[in-house]
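Descriptive analysis of the structure
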Amino acid sequence: MSRIKQGIFFISISLLTGSTQLYAAEHEHEEHGAHVHGEAQLLIALEGSTLEIEFLSPAMNIVGFEHQSTNEAQSHAIESAIEALKQPGLLFSLPPAAKCDSVSIEVESPLKEHGEQDHEHSNEASLDLEEVTHVDFTGHYSFHCAEMSKLDSIVIEIFNQFPGTEVIGVQSVSNQGQQKIELTPDHSTLEL
Ligand SMILES: [Zn+2]
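Residues numbered from 1 in each chain as written. Predicted model: local features only at pLDDT ≥ 70, side-chain atom pairs only at ≥ 80, totals over all residues.

A separate point is the overall build of the protein chain. When helices and strands are counted, the protein chain shows 7 helices and 9 strands. Going through the 192 residues of the protein chain one by one, you find that 32% of them count as buried. Considering only contacts in the protein chain between residues 6 or more positions apart, those separated by 24 or more positions represent 73%. (Helix = DSSP H or I, 4+ residues; strand = E, 2+ residues; numbered from the N terminus. Buried ≥ 20, exposed ≤ 12 C-beta atoms within 10 Å, placed from the backbone. Contact = placed C-beta atoms within 7 Å.)

So, on to the environment of Gln-171. Structurally, Gln-171 is set in strand E7 (residues 167–174). The class of Gln-171 is buried, set by 21 C-beta atoms lying within 10 Å. A C-alpha to C-alpha distance of 8.5 Å links Gln-171 and Ala-45, two positions 126 residues apart in sequence.

What follows is about the confidence of the model for the protein chain. For the protein chain, the mean per-residue pLDDT works out to 83, and 72% of the residues sit at or above 70. The low-confidence segment residues 1–6, where pLDDT is below 50, has 6 contacts with residues more than four positions distant or belonging to other chains. Scored below 50 in pLDDT, residues 15–32 shows 29 contacts in the model against residues more than four places distant or in partner chains. (pLDDT = per-residue confidence, 0-100.)

Counting residues in each nonpolar core, the largest one holds 37 residues, and the members touching the most others are Leu-51, Ile-53, Cys-100, Cys-145, Leu-151, Ile-156 and Ile-158. Breaking this core down by element, the ones donating at least two residues are strand E1 (39–47), strand E2 (50–58), helix H3 (59–63), helix H4 (72–85), strand E5 (136–145), strand E6 (153–156), helix H7 (158–161) and E7. If one sorts the elements of this core by residue count, E1 sits on top with 6 residues. Residues in contact with Cys-145, not counting those within four places in the same chain, are Ser-49, Leu-51, Ala-98, Lys-99, Cys-100 and Leu-151. (Core = buried A, V, L, I, M, F, W, Y, C linked by C-beta atoms within 7 Å.)

Residues in a regular strand project their side chains so that they alternate between the two faces of the sheet. In terms of residue burial, E2 counts as a mostly covered element, since 8 of its 9 residues are buried. Where E1 lies against E2, 7 bridges are found, and the strand directions are antiparallel. Within E2, the position partnered with Leu-42 by the bridge is Phe-55. The pairing of E2 with E5 spans 9 bridges and is antiparallel. Across the sheet, Pro-58 pairs through a bridge with Asp-136, a residue of E5. (Pairing = 2+ DSSP bridges.)

Here E1 pairs with E7 via 7 bridges, running parallel. If you follow Leu-43 over to E7, its bridge partner there is Gln-171. Across 7 bridges, the pairing between E7 and strand E8 (residues 177–183) is antiparallel. Bridging from a neighbouring strand, Gly-169 pairs with Glu-182 of E8. As consecutive antiparallel partners, E7 and E8 are separated by 2 residues.

Here the focus is the environment of Ile-158. Take Ile-158: it is sitting in helix H7. Linking Ile-158 and Ala-84, residues 74 residues apart in sequence, is a C-alpha distance of 9.9 Å. Apart from residues lying up to four places away in sequence, Ile-158 is in contact with Ala-40, Leu-91, Thr-165 and Ile-168.

Rendered as C-alpha cells:
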C-alpha cells in the first residue's frame, strides 16, 4: 500500500470511528523526513457539520529558510508566519453560505518566535542546527459549518499568503468519497 493510500485509509478509519483526527498521516510524513521545497500538503475531512483541515508545509515555503533565526529579519519572518498561520481566514476562503466558524486552531512551528530561543544553551542549539536538514510547519484547523451542504468548494489562499508555495497536494475525504488533487497558484480552488 502506498503512503498516500495508507493516509487516506487512516483518514477513512478516523471518519468511521467518529474521529477526524488526521495525525496518522502527519506522523507518516515525519517518519519519512525529507520533503520537497515548494510542495505542501493539505488533508481535508468533512464529517457531519465538521470540517477539518491539516496543512503541512516545508518551512522553506513559509519563511524562506529552515534553521533557527540568526538575525532580526529572520525572527520577524518567523513571527509573521506564525501569526498568519493562526488565521485560517488568510489561508482558506470558504463559501459564506456554508456558515463555517473556526472552532480550533493549532499551529506547530519548529522555528522559535523572537525571544523564545534559549540563549544559555546557544552552543547546543548550534549543534542542533547542523544536524537538522528539513523542518515543517503544521497547522490544524477545525470548523463547524452550519450549512455543510453549501460547502462545495474551498479556495486555497496559501499560495498568496506564502508565495514560496508552488504546488499543494490535497487529499480530501467526505461521505461523498475521497479525492486526491494537486493545486497550483493558477488552479487554487478545491471543488468538493
Ligand atoms: Zn526542507
